[in-house]
Amino acid sequence: MDTKPTYEQAQLHLQIFEMRREARLRQARDWFFRNYFVDTMDDAMRVAPPGSEGGTFAMMVFSYWDQACTLLNYGLLHEGLFFEINGEFYPVWERIKPVINEIRQRFVNQHFLENLEKAALRYEKWMEARSPGHLAAMRQWTTQMRAQMSKAA
């Protein structure tokens, strides 16, 4: 999007940010980034089984970012502004990506987190054009962090 954000888009961005500050969602986001490392559906069910606090936290994070990305994908949010101020959605996508197809098949919902995925794919191109190598460095850091968390457990 080559245009400047409108006042209305900026206001909606601020509302989306304000939602992120809600105490329970902040707790869920903290839990998610400390705990949600999965490679298989079995890992996902072990880390965040439905009905558990981890399952609730994971779904809060997924649904928040999918909702924000839905607003983005429908053009209600300004893409450049969104990408500049909301980098957190991308690591959420990276964490669910290994199991997304299996989740979609198991729950017979090919659209689960579809808006998050669409935004993440555009973000990859946007970020590589602006800061080549950033995503690779972020993935490497996540791998190192995961290894440290495993040792501590």
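Here, the structure is the one placed above.
Since the model is a prediction, treat every value here as computed from it, not as a measurement.

A.B. asks: Before we go on, may I ask you to explain the nonpolar core in this structure?
C.D. replies: In a soluble, globular protein the nonpolar side chains are often hidden away together inside. In terms of nonpolar packing, the biggest core is built from 41 residues, with Y36, W65, F82, F89 and I96 touching the most fellow members. At the level of elements, helix 2 (23-35), helix 3 (41-47), helix 4 (53-73), helix 5 (79-85), helix 6 (89-96), helix 7 (100-106), helix 8 (114-130) and helix 9 (134-152) are the ones that each hand at least two residues to this core. For this core, the leading source of residues is helix 4, giving 9 residues. When residues no more than four places from it in sequence are discounted, the contact partners of I96 are Y36, F62, I103 and L113.

A.B. asks: Would you explain the packing of aromatic side chains in this entry?
C.D. replies: Aromatic ring pairs: the centre-centre distance and the angle between the two ring planes describe each pair. Taken as a whole, this structure holds 16 aromatic pairs when the rule is applied. Aromatic side chains F32 and F33 sit 5.3 Å apart centroid to centroid with 85° between the ring planes, which places their arrangement in the edge-to-face category. Owing to a relative accessible area of 0%, F32 belongs among the buried residues under this scheme. Their ring planes at 40° and their centres at 6.2 Å tell us that W65 and F89 sit as a pair that is tilted. Within this pair, whereas W65 is found in helix 4, its partner F89 is found in helix 6, the two being separated by 24 residues in sequence. For W65, a relative accessible area of 0% corresponds to the buried category. By way of ring pairs, the aromatic residues Y64, W65, F82, F83, F89, Y90, Y123 and W126 are connected into one cluster.

A.B. asks: Just checking my understanding: could you explain the packing of helix 4 against helix 8 for this structure?
C.D. replies: How two helices sit against one another is set out by the angle between their axes and by the gap between those axes. Two elements in contact, helix 4 and helix 8, have axes whose closest approach is 7 Å; the angle formed by their N-to-C orientations is 65°. The element helix 4 and its partner helix 8 pack so that their crossing is left-handed. Taking contact as the criterion, the partners of W65, D66, C69, T70, L72 and N73 in helix 4 are, on helix 8, E114, N115, L116, K118, A119 and R122. Along the lines of polarity and charge, the residues of the contact of helix 4 with helix 8 split into 5 nonpolar, 3 polar and 4 charged.

A.B. asks: Please explain helix 9 as it appears in this structure.
C.D. replies: Every α-helix carries 3.6 residues per turn, so stepping three or four residues along brings you back to the same face. The terminal C-alpha atoms of helix 9 lie 27 Å apart, and with 19 residues this matches the ideal 27 Å at 1.5 Å per residue to within 8%. Every buried residue of helix 9 is listed here: L135, M138, T142 and M145. On an axial view of helix 9, the arc spanned by its buried residues comes to 80°, and they lie on one face. In this structure, helix 9 carries Q140, T143, Q148, S150 and K151 as exposed residues pointing more than 90 degrees from its buried face. Where helix 9 is buried, its residues contact helix 2, helix 6 and helix 8.

A.B. asks: Could you clarify how one ought to interpret helix 4 in this entry?
C.D. replies: Its 21 residues give helix 4 an end-to-end C-alpha distance of 30 Å, which sits within 8% of 30 Å, the value for a rise of 1.5 Å per residue. Among all positions of helix 4, only G54, G55, F57, A58, V61, F62, Y64, W65, D66, A68, C69 and L72 are buried. Buried residues along helix 4 sit against helix 1 (7-20), helix 2, helix 3, helix 5, helix 6 and helix 8.

Each value, and the rule that gives it
Residues numbered from 1 in each chain as written. Predicted model: local features only at pLDDT ≥ 70, side-chain atom pairs only at ≥ 80, totals over all residues. Heavy atoms only, no water. Core = buried A, V, L, I, M, F, W, Y, C linked by side-chain atoms within 4.5 Å. Buried < 20%, exposed > 50% of the residue type's maximum accessible area, 1.4 Å probe, protein only. Helix = DSSP H or I, 4+ residues; strand = E, 2+ residues; numbered from the N terminus. Contact = heavy atoms within 4.5 Å. Phe/Tyr/Trp six-rings, centres within 6.5 Å; stacked < 30°, edge-to-face > 60°. Axes fitted to C-alpha atoms, helices over the stretch in contact; angles between N-to-C directions. Left-handed = near helix turned anticlockwise from the far one by under 90°. Nonpolar A, V, L, I, M, F, W, Y, C, P; charged D, E, K, R; others polar. Expected span 1.5 Å × (residues − 1). Arc of directions from axis to C-beta.

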